[in-house]
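Below, each chain spelled out in residue letters.
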Amino acid sequence: MIKKLLPGYHVEVDNFDKGSWHRNVEGFDDANIFQTWPYVAVHNGSKSLSHLLLKRGDKIVAAAQARIAKIPIVNIGVAYFLYGPMWQVKGGAVDLEVFGQAVRAIRNEYACRRSLAVRIQPLIFNDQASIFDPILAQEGYGHPSTDEPQRTLVIDLNYSLQQLRKGLDQKWRNRLNRGEKNNLDIMEGFDDSLFKLFLELYQNMYDRKNFFETVDIEKYRIIQRNLPDPFKMKIFIAFYEGKPAAGVICSGIGNMGLYLFGATSDTGLTSQGSYVLQWKALNWLKEKGVTSYNLNGINPITNPGTYHFKSGMCGKNGRDVKHLGLYDTYNGAIKGRIFQIADLMRMKYRKNKEKLKMLRAQKQ
């Protein structure tokens, strides 16, 4: 059932081209790469895109980009919102009413009017669950049973660089100091040539570790080509004794920087290049005025090495949190139940497929 928006609010839907959408994205502190046009267009095609803008009077107060997809066999359409809606207007105060009206507008348009299942993953962490869970529940959203919110580390960049360095774990800081004494040559920028070089480093690491990867980094290279300059990912490459030793890619859209990819070569393991590059990335984000740095996922059990690296970098400067998670809403209990069953089957299939690929990788 459609719930009317509060007086003064109204929406615009699918009335944007790539340029106008990106101008909207620039107006939010919680803007992120997953709400940019090329992210969905490259992964799923431009026809899967849908956009909603929420206004209060003549002012834009929220925006959300969806990926529209069909679930095979059951033939249910789904609108996915990754790290959306954006609702924290740049430089403005946090307004919970806007968040509530944004998720209401999304439900009205996609669940009620279009009869789609809707899944959102807001860019919010579980230390604020007591604030946002009641709002989402009131607007008809619930957690899917398959949801396992990702755990991550978020560094607070409001400290000075001196304070941030002091707050690093001592062993991490020692490795950073050693890396800075290794006479590394650093290249940084946004060019495709640097992305190509990073991919070569990444392939070197993949071949050495023989690990299982679920992300197609080549697609991020295409995304990079299509992003406007202010949204482009920053690439850092460290050279040790004339050879590429380590690489880092991060995104700095909005107030939260995001670590996307890292790679090391054989020589990079002894050069401490990854420590130097992460410190460089942190400096770049701080120069941009970004206020936090999301290290994008940790798992002490399945990936203890990466966990120790990221936790050492976070040190005393941040917090260990989980994402608030996924929230679903449907127009009708029967459709919701069918979607839940299909989603459970999809998750089991994906996990089995990943296990099979991992076993094959280990045998090679």
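Since this is a predicted model, take the numbers as computed values, not measurements.

Calculation notes
- Residues numbered from 1 in each chain as written.
- Predicted model: local features only at pLDDT ≥ 70, side-chain atom pairs only at ≥ 80, totals over all residues.
- Heavy atoms only, no water.
- Helix = DSSP H or I, 4+ residues; strand = E, 2+ residues; numbered from the N terminus.
- Buried < 20%, exposed > 50% of the residue type's maximum accessible area, 1.4 Å probe, protein only.
- Contact = heavy atoms within 4.5 Å.
- Areas by Shrake-Rupley, 256 points an atom, 1.4 Å probe, with all protein chains shown as cover.
- Core = buried A, V, L, I, M, F, W, Y, C linked by side-chain atoms within 4.5 Å.
- Pairing = 2+ DSSP bridges.
- Axes fitted to C-alpha atoms, helices over the stretch in contact; angles between N-to-C directions.
- Phe/Tyr/Trp six-rings, centres within 6.5 Å; stacked < 30°, edge-to-face > 60°.
- Lys NZ or Arg CZ within 6 Å of the ring centre and 35° of its normal.
- 1 Å grid on protein atoms, 1.4 Å probe; cavity = no way out; pocket = protein on both sides within 12 Å on 5 of 7 lines; lining within 4 Å.
- Points joined across faces, edges and corners; volume = space filled by probe spheres on them.
- Salt bridge = Lys/Arg side-chain N within 4 Å of Asp/Glu carboxyl O.

**Q** Teacher, can you tell me more about the overall build of the chain here?
**A** When helices and strands are tallied, the chain shows twelve helices and 13 strands. By the burial criterion, 50% of the 364 residues in the chain qualify as buried. Partitioning the contacts of the chain with sequence separation of at least 6, the portion at a separation of at least 24 is 76%. Carbon together with sulfur atoms contributes 51% to the accessible area of the chain, which is approximately 17800 Å² in total.

**Q** Honestly, the nonpolar core in this entry has me stumped. Any pointers?
**A** Within soluble globular proteins, side chains that are nonpolar generally end up buried alongside one another. Judged by nonpolar contacts, the single largest core of 44 residues is most densely connected at Trp21, Phe195, Phe198, Tyr220, Met233, Ile237 and Ile249. At the level of secondary structure, the elements contributing two or more residues to this core comprise α1 (18-25), α2 (37-44), β2 (49-56), α7 (192-209), α8 (217-226), β8 (234-240) and β10 (256-264). Broken down by element, this core gets its largest block of residues, eight residues, from α7. Among residues more than four places away in sequence, those in contact with Trp21 are Phe16, Gln35, Trp37, His51, Leu52, Leu53, Ala63, Ala64, Gln65 and Met86. Counting residues in hydrophobic clusters, the runner-up holds 32 residues, among them Ile155, Phe236, Met313 and Cys314.

**Q** Would you take a moment to explain the sheet that holds strand β5 (residues 117-121) for this structure?
**A** With mixed pairing, six strands are arranged side by side in an open sheet as β1-β2-β3-β4-β5-β13. Of all strands in the sheet, those bounded by a partner on one side alone are β1 (9-13) and β13 (327-329). The average undirected angle you get between the axes of adjacent strands in this sheet is 25 degrees. Bridge analysis of strand β4 (residues 76-82) against β5 gives five bridges, and the strand direction is parallel. Of the residues in β5, the one forming a bridge with Phe81 is Ile120.

**Q** Could you clarify how one ought to interpret the sheet that holds strand β9 (residues 243-251) in this entry?
**A** The pairing of strands in a sheet happens through backbone hydrogen bonds and is either parallel or antiparallel. Judged by pairing direction, the sheet is mixed, and its seven strands sit side by side in the order β7-β8-β9-β10-β11-β6-β12 without closing on themselves. Here the strands that pair on one side only, and so sit at the sheet edges, are β7 (185-189) and β12 (318-322). Across the sheet, the axes of successive neighbouring strands diverge by a mean angle of 25 degrees, strand direction being ignored. As judged from the three bridges shared by strand β6 (residues 151-156) and strand β11 (residues 292-294), these two strands associate in the antiparallel manner. Paired with Asp156 across the two strands is Ser292, which belongs to β11. Contacts from helix α10 (residues 273-287) reach β6, β7, β8, β9, β10 and β11 within the one sheet, and its direction differs from that of β9 by about 30 degrees.

**Q** Any chance you could explain the packing of aromatic side chains here in plain terms?
**A** Aromatic ring pairs are reported here in terms of the distance separating the ring centres and the angle at which the planes meet. If you walk through the whole model with that rule in mind, you get 15 aromatic pairs. Seen in terms of ring centroids, Phe34 and Tyr39 are 4.9 Å apart; in terms of plane orientation they differ by 85 degrees. Their pairing is edge-to-face. Neither Phe34 nor Tyr39 differs from the other in exposure class; each is buried. Of note, Arg165 hangs over the ring of Trp279, and the distance from its end group to the ring centre comes to 5.5 Å.

**Q** It is not clear to me how empty space enclosed by the protein should be interpreted in this structure. Could you clarify?
**A** Any empty space left between the atoms is revealed when a probe the size of a water molecule rolls over them. Inspection of every chain in the model, using the stated rule, returns two cavities of 30 Å³ or more. A volume near 60 Å³ is recorded for the largest cavity. Lining the largest cavity we find Asn32, Ile33, Tyr83, Leu123, Ser251, Ile253, Met256, Leu258 and Asn294.

**Q** Can you walk me through the pattern of salt bridges in this structure?
**A** Between side chains of opposite charge, pairing is possible as soon as their charged atoms come close. Counted by the stated rule, this structure contains 16 salt bridges. Between Glu12 and Lys55 there is a salt bridge; the shortest N-O distance is 2.9 Å. Remark: Lys55 occurs in strand β2 and Glu12 occurs in strand β1; sequence separation between them is 43 residues. Ionic pairing is found between Arg104 and Glu139, a salt bridge with its closest N-O pair at 2.9 Å. Placement of the pair is Arg104 in helix α3 (residues 96-113) and Glu139 in the loop between α4 (129-138) and β6, with a sequence separation of 35 residues. Through salt bridges with shared partners, a single network forms among Asp14, Glu109, Arg113 and Arg114.

**Q** What should I look at first to understand unusual backbone geometry in this one?
**A** The phi torsion of most residues other than glycine is negative, and most of the peptide bonds are trans. Following Gly84, the chain continues into Pro85 via a peptide bond in cis, with omega recorded as 5 degrees. You can see Pro85 is positioned in the loop between β4 and α3. With phi around 55 degrees, Glu241 is a residue other than glycine that occupies positive phi space. The residue Glu241 is located in the loop between β8 and β9 in this model. For Glu241, a relative accessible area of 67% gives the class exposed. A positive phi angle, close to 65 degrees, is found at Asn296, a residue other than glycine. In this structure, Asn296 sits in the loop between β11 and α11 (304-314).

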